[in-house]
Amino acid sequence: GAVVSQHPSRVICKSGTSVKIECRSLDFQATTMFWYRQFPKQSLMLMATSNEGSKATYEQGVEKDKFLINHASLTLSTLTVTSAHPEDSSFYICSAEQNEKLFFGSGTQLSVL
Amino acid sequence: ELKVEQNPLFLSMQEGKNYTIYCNYSTTSDRLYWYRQDPGKSLESLFVLLSNGAVKQEGRLMASLDTKARLSTLHITAAVHDLSATYFCAVDPNSGYALNFGKGTSLLVTP
């Protein structure tokens, strides 16, 4: 079946640095990918919809200058958390659709010190 | 604003017992999803319900959808410890695969 690969699975960084998270569709093309954030013991919140070849669509309250999304190819979307702060520490998950089925990445645990 | 409400949020049940988790949503949606999440892990797809009256079963779990009532249920039959996890329902209000999740039901099955 289709697989969505997310990397890295875990990252620890210092406050003020930037972190890039990759989401790849391994055996299918995805013109649209979705990025979610999950704080501990909370639900998943949609952050943005990543569109290949065009700007991402951000949900209300999500800072587009802080969470940069690039979808430069049909198999790769990246989320860059710029100038990360401890409050950005969270579990980030991407997803993509193929043939009306949704596939989720394995998630990235970001810890900002 | 779309609301997806799950209840209960926490559930402790004994092995062998039955229980139902409820998911209410506030707007029309073509698709209703159920996922399982283990601690520190991503989501495992359980069911996708696409039409009114849809019922799907896998092992000890059965999901149903009533689009008129905007209600989905996840029924657990004869629970076992391995079912301990957090269960999320999610709706797709714009039919574009961007999901709105419920808060999740944290299930603990005890001996």
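The notes below deal with the structure included here.

So, how was this worked out
Residues numbered from 1 in each chain as written. Chains lettered and ligands numbered in written order. Predicted model: local features only at pLDDT ≥ 70, side-chain atom pairs only at ≥ 80, totals over all residues. Heavy atoms only, no water. Helix = DSSP H or I, 4+ residues; strand = E, 2+ residues; numbered from the N terminus. Rg over C-alpha atoms; globule rule 2.2 N^0.38 Å. Contact = heavy atoms within 4.5 Å. Buried area = accessible area lost by both parts, 1.4 Å probe. Salt bridge = Lys/Arg side-chain N within 4 Å of Asp/Glu carboxyl O. Buried < 20%, exposed > 50% of the residue type's maximum accessible area, 1.4 Å probe, protein only. Pairing = 2+ DSSP bridges. Polar contact = N/O pair within 3.5 Å; in protein donor to acceptor, adjacent residues only side chain to side chain. Axes fitted to C-alpha atoms, helices over the stretch in contact; angles between N-to-C directions.

## Some words on the overall build of chain A
Logical step 1: Along chain A, the regular secondary structure elements total zero helices and eleven strands.
Logical step 2: Starting at the N terminus, the α and β elements of chain A follow one another as β-β-β-β-β-β-β-β-β-β-β.
Logical step 3: Since a compact globule built from 113 residues should have a radius of gyration of about 13 Å, the 13 Å found for chain A is in line with a globular shape.
Logical step 4: Taking the principal axes of its C-alpha atoms as reference, chain A extends roughly 40 × 25 × 20 Å.

## Some thoughts on the interface of chain B and chain A
Logical step 1: Between chain B and chain A, the residue contacts involve 15 residues of the former and 17 residues of the latter.
Logical step 2: Around 1,200 Å² of area is buried between chain B and chain A when both sides are counted, 62% of it from carbon and sulfur atoms.
Logical step 3: Of all residues in chain B, B:Ser42, B:Tyr97 and B:Phe101 give up the largest surface area on contact with chain A, accounting jointly for 43% of the area buried on that side.
Logical step 4: The interface formed by chain B and chain A holds zero salt bridges in total.

## Notes on the pairing of strand 1 (residues 4-7) of chain B
Residues and elements named next belong to chain B.
Logical step 1: Here strand 1 shows a clear split, with Val4 and Gln6 buried on one side and none of Glu5 and Asn7 buried on the other.
Logical step 2: Relative to strand 3 (residues 19-25), strand 1 runs antiparallel, the two sharing four bridges. Looking at the pairing, Asn7 lines up with Tyr22 of strand 3.

## Considerations on the side chain of B:Asp92
Residue and element names in this part refer to chain B.
Logical step 1: Tracing the sequence through the fold places Asp92 in the loop between strand 9 (85-91) and strand 10 (100-101).
Logical step 2: Polar contacts involving the side chain of Asp92 include one to the side chain of Arg31, which spans 2.4 Å.
Logical step 3: In terms of polar contacts, Asp92 uses its side chain to reach the backbone amide nitrogen of Tyr97, at 3.0 Å.
Logical step 4: Every residue in contact with Asp92, bar those within four places of it in the chain, is listed here: Ser29, Asp30, Arg31, Tyr33, Tyr97, Ala98 and Leu99.

## Some details on the sheet that holds strand 1 (residues 4-7) of chain A
As a general point, the strands of a sheet are linked pairwise by backbone hydrogen bonds and lie either parallel or antiparallel.
All names here are of chain A.
Logical step 1: Here four strands make up an open sheet; going across it, the order is 1-3-8-7 and the pairing antiparallel. Strands with a single pairing partner mark the edges of an open sheet, and in this sheet they are strand 1 and strand 7 (67-73). Pairwise comparison of adjacent strand axes, ignoring direction, gives a mean angle of 15 degrees for this sheet.
Logical step 2: The pairing of strand 1 with strand 3 (residues 19-25) spans four bridges and is classified as antiparallel. Residue pairing across strands places Ser5 opposite Arg24, the latter belonging to strand 3.

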